[in-house]
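# Survey of secondary and tertiary structure
Spelled out, the chains give:
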Amino acid sequence: MIGNYTCICPADYMQVNGGHNCMDMRKSYCYRNFYSDNRTCDGELTFNMTKKMCCCSYNIGRAWNKPCEQCPVPSTNEFAILCGSERPGYYIDITTGRVIDIDECREIPGVCENGVCINMIGSFRCECPVGFIYNDKLLICEDIDECQNGPVCQQNADCLNMPGSYRCECKAGYRFTPTGQCLGRGMITEISAEAPVSDRHRLLEDDEEPR
Ligand SMILES: [Ca+2]
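Residues numbered from 1 in each chain as written. Predicted model: local features only at pLDDT ≥ 70, side-chain atom pairs only at ≥ 80, totals over all residues. Heavy atoms only, no water.

By the naming in an unreviewed UniProt entry, the protein chain goes by Fibrillin-1 and is assigned to Ataeniobius toweri.

### Considerations on the pairing of strand E3 (residues 30–35)
Our working rule: Paired strands, as defined in this entry, are two strands with at least two bridges between them according to DSSP. What counts as a helix is a DSSP run of H or I of at least four residues, what counts as a strand is a run of E of at least two, and both are numbered from the N terminus.
With two bridges joining them, E3 and strand E5 (residues 63–64) adopt antiparallel strand pairing. Looking at E5, one finds that Cys 30 is bridged to Trp 64. Here E3 folds back onto strand E4 (residues 40–44) in antiparallel fashion, the turn holding four residues, of which Arg 39 has a positive phi close to 55°.

### Digging into the nonpolar core
In plain terms, the rule: We define the nonpolar core as a collection of buried residues of types Ala, Val, Leu, Ile, Met, Phe, Trp, Tyr and Cys that are connected through side-chain atoms lying within 4.5 Å of one another. Three exposure classes are used, based on accessible area relative to the maximum for each residue type with a 1.4 Å probe and protein chains only: buried under 20%, partly exposed in between, and exposed over 50%. Note on contacts: a residue pair qualifies if any of its non-hydrogen atoms lie within 4.5 Å across the two residues.
Core analysis: the biggest nonpolar cluster contains 19 residues, and Leu 45, Phe 47, Met 49, Cys 54, Ile 60, Ile 108 and Val 111 have the highest contact counts within it. Going through the elements one at a time, helix H1 (51–56) and helix H2 (77–83) are the ones with two or more residues in this core. For this core, the leading source of residues is H1, giving four residues. Excluding residues that lie within four positions of it along the chain, Leu 45 makes contacts with Cys 30, Arg 32, Ile 60, Lys 137, Leu 138 and Leu 139.

### What to know about the packing of aromatic side chains
Note the threshold: Here the aromatic set is Phe, Tyr and Trp, taking the six-membered ring for Trp, and pairing holds for ring centres within 6.5 Å; pairs whose planes are under 30 degrees apart are stacked, those over 60 apart are edge-to-face, and all others are tilted. We count a charge as sitting over a ring when the NZ of a lysine or the CZ of an arginine lies within 6 Å of the ring centre and within 35 degrees of the ring normal.
The tally for this structure, following the rule as stated, stands at zero aromatic pairs. In this arrangement the basic side chain of Lys 66 is found over the ring face of Tyr 29, its NZ or CZ atom lying 4.0 Å from the centre. Over the ring of Tyr 90 we find Arg 87, and its NZ or CZ is 4.4 Å from the ring centre.

### Topic: the sheet that holds E3
Pairing is antiparallel in the open sheet, where four strands are placed in the order E4-E3-E5-E6. The sheet is open, and its two edges are formed by E4 and strand E6 (69–70), each paired on a single side. Pairing geometry for E3 and E4, over four bridges, is antiparallel. Bridge pairing links Tyr 31 to Glu 44 in E4.

### Here's the deal with the side chain of Glu 146
The condition that has to hold: Two residue types count as positive, namely Lys and Arg, and two as negative, namely Asp and Glu; His and chain ends fall outside the count. Note on definitions: salt bridges are taken to be side-chain nitrogens of Lys or Arg within 4 Å of carboxyl oxygens of Asp or Glu.
Locating Glu 146 in the fold gives a position in the loop between strand E12 (140–143) and strand E13 (157–162). The buried charged residue Glu 146 lacks any salt bridge, with Arg 167 as its nearest oppositely charged partner at 12 Å. Those residues in contact with Glu 146, other than ones at most four positions away along the chain, are Gly 131, Val 152, Asn 161, Gly 164, Ser 165 and Tyr 166.

### Describing the state of the cysteines
Worth spelling out the cut-off: Disulfides are defined as pairs of cysteine sulfur atoms found within 2.5 Å of each other.
Applying the stated criterion across every chain yields a total of 11 disulfides. Here Cys 55 engages in a disulfide with Cys 71; their sulfurs sit 2.0 Å apart. Looking along the S-S bond of the Cys 55-Cys 71 disulfide, the torsion reads about -70°, which is the left-handed sense. Within this pair, whereas Cys 55 is found in helix H1, its partner Cys 71 is found in the loop between E6 and H2, the two being separated by 16 residues in sequence.

Okay, here's the thing in structure tokens:
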């Protein structure tokens, strides 16, 4: 029979197009940069993905796998073969022939980690919550270490960086007072005795150290 065939796909390849093609589903490293002079890569992303997602999505990778293989350049034949489209960010539906946007947020788990990934037609963007900053090389939201930005805590307090925020904790031998200061134990007793009942209560709540 003419034209009647089915492909048997190797492991990690998915049968597509009614069994006429095999799609490479292997997930591997994706790199932000490829250097053609010595054929090396850098900017390895922290999350793995298929070659198609790495090379065909909007502004994701320039190379894939280990050792790295260069992604085909947009507007070339190789690019069209891998991506089914001329330009990054889109693919062509093999059954309908329509140009479809790649939903990078859905297709690439790990992209925009810690943030909110927003898919857009032909691209995507990543919004980071307060306390995080977008790393446009790694494509994730990274925690800001507030403690590295000069002294953020007051006297007698240590800065503790936490995901999305930071905390000031009184150094050993010092306690947090309702006025937000860290004072030595001797000084607290004095303030406590003078403070109104409500403040005294708060003082006890703030006091996390065992007595
Ligand atoms: Ca998109």
